[in-house]
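# Observations on chain architecture
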Amino acid sequence: DPDVQHYVSILGRQKDKSPKSIEPKRLELEQQLMIETKNYRKTIKLYQNLMQKGRRNKGSDAKELLLKLKGHSEEMKSKVQFLELAKKLLQVSYAEQWGIEPRDLPTVADLASQKSLSSSEDDAFLLIYNDRGHSRDNTSKNLQAGTPLGLLAYLYCRNAVLDGYVQQLLYSFRYFCSQEDLLQFLIDRIINTVPREDADPCCLNAKIYHRSLILLQTWIEDCWHIDFSVNADLLDRLEDLSNSQ
(Lines give C-alpha, C1' and ligand atoms only; values in the text may rest on other atoms or scores of the structure.)
Protein backbone atom coordinates (compact mmCIF):
# COMPACT_ATOMS: atom_id res chain seq x y z
CA ASP A 1 0.00 0.00 0.00
CA PRO A 2 1.52 3.41 -0.99
CA ASP A 3 0.34 5.10 2.23
CA VAL A 4 1.82 2.36 4.40
CA GLN A 5 5.14 2.56 2.53
CA HIS A 6 5.10 6.34 2.98
CA TYR A 7 4.82 6.12 6.77
CA VAL A 8 7.32 3.27 7.00
CA SER A 9 9.75 5.58 5.23
CA ILE A 10 8.97 8.41 7.68
CA LEU A 11 9.55 6.17 10.70
CA GLY A 12 12.81 4.88 9.29
CA ARG A 13 14.21 8.40 9.04
CA GLN A 14 13.10 9.81 12.38
CA LYS A 15 16.38 9.38 14.29
CA ASP A 16 17.91 12.32 12.47
CA LYS A 17 14.86 14.57 12.57
CA SER A 18 14.25 17.61 14.74
CA PRO A 19 11.01 18.19 16.69
CA LYS A 20 9.87 20.81 14.19
CA SER A 21 10.24 18.35 11.30
CA ILE A 22 8.49 15.52 13.16
CA GLU A 23 5.42 17.53 14.16
CA PRO A 24 4.03 18.13 10.61
CA LYS A 25 4.44 14.43 9.82
CA ARG A 26 2.69 13.49 13.05
CA LEU A 27 -0.25 15.78 12.23
CA GLU A 28 -0.37 14.44 8.67
CA LEU A 29 -0.46 10.88 9.98
CA GLU A 30 -3.23 11.68 12.48
CA GLN A 31 -5.33 13.18 9.68
CA GLN A 32 -4.74 10.11 7.52
CA LEU A 33 -5.64 7.83 10.45
CA MET A 34 -8.89 9.73 11.00
CA ILE A 35 -9.84 9.34 7.32
CA GLU A 36 -8.97 5.64 7.19
CA THR A 37 -10.83 4.93 10.45
CA LYS A 38 -13.93 6.70 9.13
CA ASN A 39 -13.81 4.72 5.87
CA TYR A 40 -13.29 1.46 7.77
CA ARG A 41 -16.36 2.08 9.93
CA LYS A 42 -18.44 2.85 6.84
CA THR A 43 -17.30 -0.40 5.22
CA ILE A 44 -18.19 -2.40 8.33
CA LYS A 45 -21.62 -0.80 8.45
CA LEU A 46 -22.20 -1.56 4.76
CA TYR A 47 -21.09 -5.16 5.29
CA GLN A 48 -23.51 -5.60 8.21
CA ASN A 49 -26.40 -4.15 6.19
CA LEU A 50 -25.66 -6.48 3.28
CA MET A 51 -25.46 -9.42 5.66
CA GLN A 52 -29.00 -8.73 6.80
CA LYS A 53 -30.23 -8.40 3.21
CA GLY A 54 -28.27 -11.50 2.21
CA ARG A 55 -30.21 -13.62 4.66
CA ARG A 56 -33.38 -12.73 2.78
CA ASN A 57 -31.77 -12.93 -0.65
CA LYS A 58 -29.62 -16.03 -1.08
CA GLY A 59 -28.43 -15.22 -4.56
CA SER A 60 -24.80 -15.81 -5.60
CA ASP A 61 -24.28 -12.11 -6.40
CA ALA A 62 -24.95 -11.10 -2.81
CA LYS A 63 -22.58 -13.76 -1.47
CA GLU A 64 -19.82 -12.68 -3.85
CA LEU A 65 -20.21 -9.04 -2.84
CA LEU A 66 -20.09 -9.99 0.84
CA LEU A 67 -16.85 -11.91 0.32
CA LYS A 68 -15.27 -8.93 -1.45
CA LEU A 69 -16.39 -6.53 1.26
CA LYS A 70 -15.09 -8.84 3.98
CA GLY A 71 -11.67 -9.02 2.35
CA HIS A 72 -11.63 -5.27 1.81
CA SER A 73 -12.60 -4.57 5.43
CA GLU A 74 -9.81 -6.84 6.71
CA GLU A 75 -7.28 -4.94 4.60
CA MET A 76 -8.61 -1.64 5.90
CA LYS A 77 -8.46 -2.91 9.50
CA SER A 78 -4.81 -3.86 9.07
CA LYS A 79 -4.06 -0.44 7.61
CA VAL A 80 -5.80 1.36 10.50
CA GLN A 81 -3.88 -0.76 13.02
CA PHE A 82 -0.60 0.06 11.32
CA LEU A 83 -1.37 3.78 11.26
CA GLU A 84 -2.27 3.67 14.96
CA LEU A 85 1.08 2.03 15.70
CA ALA A 86 2.90 4.53 13.50
CA LYS A 87 1.16 7.36 15.34
CA LYS A 88 2.35 6.02 18.70
CA LEU A 89 5.91 5.64 17.42
CA LEU A 90 5.95 9.18 16.06
CA GLN A 91 4.52 10.49 19.33
CA VAL A 92 7.31 8.75 21.26
CA SER A 93 9.93 10.07 18.84
CA TYR A 94 8.56 13.62 19.12
CA ALA A 95 8.38 13.47 22.92
CA GLU A 96 11.92 12.15 23.25
CA GLN A 97 13.27 15.03 21.16
CA TRP A 98 12.32 17.29 24.08
CA GLY A 99 13.90 15.09 26.76
CA ILE A 100 16.67 16.50 28.97
CA GLU A 101 19.78 15.05 30.57
CA PRO A 102 19.67 13.77 34.19
CA ARG A 103 22.01 16.56 35.30
CA ASP A 104 19.32 19.12 34.37
CA LEU A 105 16.53 17.52 36.41
CA PRO A 106 17.16 19.77 39.46
CA THR A 107 16.25 22.73 37.23
CA VAL A 108 12.90 21.08 36.47
CA ALA A 109 12.33 20.48 40.18
CA ASP A 110 13.15 24.07 41.14
CA LEU A 111 10.59 25.65 38.81
CA ALA A 112 7.88 26.86 41.21
CA SER A 113 8.08 23.60 43.15
CA GLN A 114 5.19 23.03 45.53
CA LYS A 115 5.61 22.62 49.28
CA SER A 116 3.64 19.40 49.28
CA LEU A 117 6.03 17.90 46.73
CA SER A 118 9.27 19.60 47.74
CA SER A 119 12.36 17.54 48.36
CA SER A 120 14.55 17.54 51.43
CA GLU A 121 17.49 19.90 51.82
CA ASP A 122 19.68 17.18 50.35
CA ASP A 123 20.53 17.76 46.69
CA ALA A 124 19.87 14.10 45.93
CA PHE A 125 16.16 14.50 45.33
CA LEU A 126 16.36 11.44 43.09
CA LEU A 127 17.87 8.13 44.14
CA ILE A 128 19.44 6.59 41.08
CA TYR A 129 21.60 3.49 41.30
CA ASN A 130 23.73 1.83 38.71
CA ASP A 131 23.64 -1.89 37.93
CA ARG A 132 26.03 -2.66 40.80
CA GLY A 133 23.89 -0.85 43.34
CA HIS A 134 26.37 1.94 44.01
CA SER A 135 25.34 5.46 44.99
CA ARG A 136 23.63 7.97 42.75
CA ASP A 137 25.09 8.24 39.28
CA ASN A 138 23.88 10.63 36.58
CA THR A 139 24.81 8.15 33.88
CA SER A 140 22.75 5.36 35.41
CA LYS A 141 19.62 4.19 33.65
CA ASN A 142 18.04 2.49 36.64
CA LEU A 143 15.82 4.67 38.80
CA GLN A 144 15.18 2.84 42.06
CA ALA A 145 13.43 5.43 44.26
CA GLY A 146 12.83 9.12 44.72
CA THR A 147 10.84 11.78 46.50
CA PRO A 148 7.47 12.73 44.95
CA LEU A 149 9.06 15.83 43.44
CA GLY A 150 11.95 13.81 42.09
CA LEU A 151 9.71 11.19 40.53
CA LEU A 152 7.72 13.88 38.73
CA ALA A 153 10.87 15.66 37.58
CA TYR A 154 12.10 12.38 36.10
CA LEU A 155 9.21 12.57 33.61
CA TYR A 156 11.40 15.03 31.70
CA CYS A 157 14.44 12.77 31.53
CA ARG A 158 15.71 11.61 28.18
CA ASN A 159 14.33 8.11 27.39
CA ALA A 160 11.61 8.39 30.07
CA VAL A 161 8.95 7.97 27.38
CA LEU A 162 10.82 5.29 25.44
CA ASP A 163 11.53 3.27 28.58
CA GLY A 164 7.86 3.35 29.62
CA TYR A 165 8.46 5.43 32.76
CA VAL A 166 5.94 8.11 31.78
CA GLN A 167 3.17 5.58 31.22
CA GLN A 168 3.96 3.76 34.47
CA LEU A 169 3.92 6.95 36.50
CA LEU A 170 0.61 8.12 35.01
CA TYR A 171 -1.00 4.93 36.28
CA SER A 172 0.62 5.01 39.73
CA PHE A 173 1.18 8.64 40.79
CA ARG A 174 -2.05 8.67 42.84
CA TYR A 175 -0.25 6.67 45.54
CA PHE A 176 2.06 9.59 46.40
CA CYS A 177 0.38 12.77 45.14
CA SER A 178 -3.04 14.03 44.14
CA GLN A 179 -4.32 14.72 40.64
CA GLU A 180 -4.36 18.42 41.51
CA ASP A 181 -0.69 18.23 42.51
CA LEU A 182 0.34 16.67 39.20
CA LEU A 183 -1.66 19.17 37.17
CA GLN A 184 -0.21 22.10 39.10
CA PHE A 185 3.28 20.66 38.64
CA LEU A 186 2.82 20.66 34.86
CA ILE A 187 1.11 24.06 34.80
CA ASP A 188 3.95 25.66 36.80
CA ARG A 189 6.50 24.40 34.31
CA ILE A 190 4.47 25.49 31.30
CA ILE A 191 3.93 29.00 32.64
CA ASN A 192 7.52 29.47 33.79
CA THR A 193 9.19 28.29 30.57
CA VAL A 194 7.10 29.84 27.79
CA PRO A 195 9.72 30.37 25.06
CA ARG A 196 10.32 33.82 23.59
CA GLU A 197 10.17 34.28 19.85
CA ASP A 198 13.92 34.83 19.62
CA ALA A 199 14.81 31.97 21.99
CA ASP A 200 16.84 28.96 20.95
CA PRO A 201 14.29 26.19 20.21
CA CYS A 202 16.66 23.65 21.74
CA CYS A 203 17.44 25.53 24.97
CA LEU A 204 16.57 23.94 28.30
CA ASN A 205 13.49 26.09 28.94
CA ALA A 206 12.09 25.28 25.50
CA LYS A 207 12.57 21.57 26.11
CA ILE A 208 10.85 21.77 29.50
CA TYR A 209 7.97 23.76 27.99
CA HIS A 210 7.31 21.38 25.10
CA ARG A 211 7.82 18.27 27.20
CA SER A 212 5.29 19.65 29.71
CA LEU A 213 2.68 20.06 26.97
CA ILE A 214 3.34 16.53 25.72
CA LEU A 215 3.05 15.10 29.23
CA LEU A 216 -0.23 16.93 29.77
CA GLN A 217 -1.62 15.70 26.45
CA THR A 218 -0.53 12.12 27.20
CA TRP A 219 -2.15 12.25 30.64
CA ILE A 220 -5.43 13.58 29.23
CA GLU A 221 -5.55 10.99 26.43
CA ASP A 222 -4.57 7.99 28.58
CA CYS A 223 -6.42 8.80 31.80
CA TRP A 224 -9.35 10.99 30.81
CA HIS A 225 -12.03 8.78 32.37
CA ILE A 226 -9.97 8.14 35.52
CA ASP A 227 -8.94 11.69 36.37
CA PHE A 228 -10.61 14.39 34.30
CA SER A 229 -14.14 13.34 33.42
CA VAL A 230 -15.00 12.93 37.12
CA ASN A 231 -13.20 16.02 38.42
CA ALA A 232 -14.74 19.39 37.53
CA ASP A 233 -11.90 21.25 39.26
CA LEU A 234 -9.30 19.73 36.95
CA LEU A 235 -11.39 20.64 33.92
CA ASP A 236 -11.72 24.24 35.12
CA ARG A 237 -7.97 24.51 35.60
CA LEU A 238 -7.34 23.04 32.17
CA GLU A 239 -9.67 25.65 30.68
CA ASP A 240 -7.87 28.42 32.57
CA LEU A 241 -4.54 27.16 31.26
CA SER A 242 -5.84 27.03 27.70
CA ASN A 243 -7.18 30.58 27.92
CA SER A 244 -3.96 31.91 29.42
CA GLN A 245 -1.84 30.30 26.72
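Computed from a predicted structure; not experimentally measured. Sequence order sets the numbering: in each chain, residues are counted from 1 along the sequence as written. pLDDT decides what is reported in this predicted model: residues at 70 or higher carry local features, side-chain atom pairs at 80 or more are listed and counted, and totals for whole chains, interfaces and linings draw on all residues regardless. Excluded from the side-chain calculations are hydrogens and water; all other atoms, namely the structure's heavy atoms, are used.

### A word on the overall build of the protein chain
Quick note on the threshold: Each helix is a run of DSSP H or I of at least 4 residues and each strand a run of E of at least 2, with the numbering of both proceeding from the N terminus. Residue burial is assigned from relative accessible area. The probe radius is 1.4 Å, only protein chains are included, and a residue is buried under 20% of its type maximum, exposed over 50%, and partly exposed in between. Any two residues having at least one pair of non-hydrogen atoms within 4.5 Å are treated as being in contact. Areas reported as accessible are Shrake-Rupley estimates using a 1.4 Å probe. Residue values count occlusion only from the protein chains shown.
A tally of regular secondary structure across the protein chain gives nine helices and two strands. Taken from N to C terminus, the helices and strands of the protein chain fall in the order α-α-α-α-β-β-α-α-α-α-α. With 245 residues in all, the protein chain has 37% of them scored as buried. Contacts in the protein chain between residues at least 24 apart in sequence constitute 70% of all its contacts with a sequence separation of at least 6. Element-wise, carbon and sulfur atoms account for 50% of the exposed surface of the protein chain, whose accessible area totals about 14,800 Å².

### Considerations on the nonpolar core
Within soluble globular proteins, side chains that are nonpolar tend to cluster in buried spots. The test is simple: Working definition of a nonpolar core: buried Ala, Val, Leu, Ile, Met, Phe, Trp, Tyr and Cys residues. They are joined through side-chain atoms within 4.5 Å.
Counting 41 residues, the largest nonpolar core has Leu155, Tyr156, Leu186, Leu216 and Trp219 as its most contacted members. Taken together, the elements giving at least two residues each to this core come down to helix H3 (60-97), helix H4 (105-110), helix H5 (148-153), helix H6 (165-170), helix H7 (179-191), helix H8 (204-228) and helix H9 (232-244). Examining the composition of this core, we find that eight residues originate from one element, H8, more than from any other. Non-local contacts of Leu216, meaning those with residues more than four positions away in its chain, are made with Leu183, Leu186, Ile190, Leu238 and Leu241.

### Some remarks on the pattern of salt bridges
Side chains bearing opposite charge may pair, as long as their charged atoms lie close to each other. Put simply, the rule reads: A side-chain nitrogen of Lys or Arg and a carboxyl oxygen of Asp or Glu constitute a salt bridge if their distance falls within 4 Å.
Tallying each qualifying case throughout the model produces five salt bridges. Linking Glu36 and Lys79 is a salt bridge whose minimum nitrogen-to-oxygen distance equals 3.2 Å. Placement of Glu36 in helix H2 (residues 19-56) and of Lys79 in helix H3 is noted, with a sequence separation of 43 residues between them. With respect to class, Glu36 is no different from Lys79; both count as buried. Here Arg158 ties to Glu101 by a salt bridge, and the two come within 2.9 Å at their closest N and O atoms. Note that Arg158 is positioned in the loop between H5 and H6 and Glu101 in the loop between H3 and H4, a separation of 57 residues in sequence.

### Here's the deal with the packing of aromatic side chains
Note the threshold: The criterion for an aromatic pair is that two Phe, Tyr or Trp rings (for Trp, the six-membered ring) have centres within 6.5 Å, with stacked assigned to planes under 30 degrees apart, edge-to-face to planes over 60 apart and tilted to the rest. Each ring is checked for a lysine NZ or an arginine CZ that lies within 6 Å of its centre and within 35 degrees of its normal; such an atom marks a charge sitting over the ring.
Across all of its chains, the model carries six aromatic pairs by this definition. An aromatic cluster of at least three residues, connected via ring pairs, comprises Phe173, Trp219, Trp224 and Phe228. Residue placement shows Arg189 over the ring face of Phe185; its charged tip is 3.8 Å from the ring centre.

### A closer look at the confidence of the model for the protein chain
Keep this limit in mind: Per-residue confidence from the predictor is reported as pLDDT, which spans 0 to 100.
Residues with a pLDDT of 70 or more make up 73% of the protein chain, whose mean pLDDT is 77. Across residues 7-17, where pLDDT falls below 50, the model places 19 contacts with residues more than four positions away in sequence or in other chains. Confidence drops under pLDDT 50 across residues 133-140; counting only partners more than four residues distant or on other chains, this segment forms 14 contacts.

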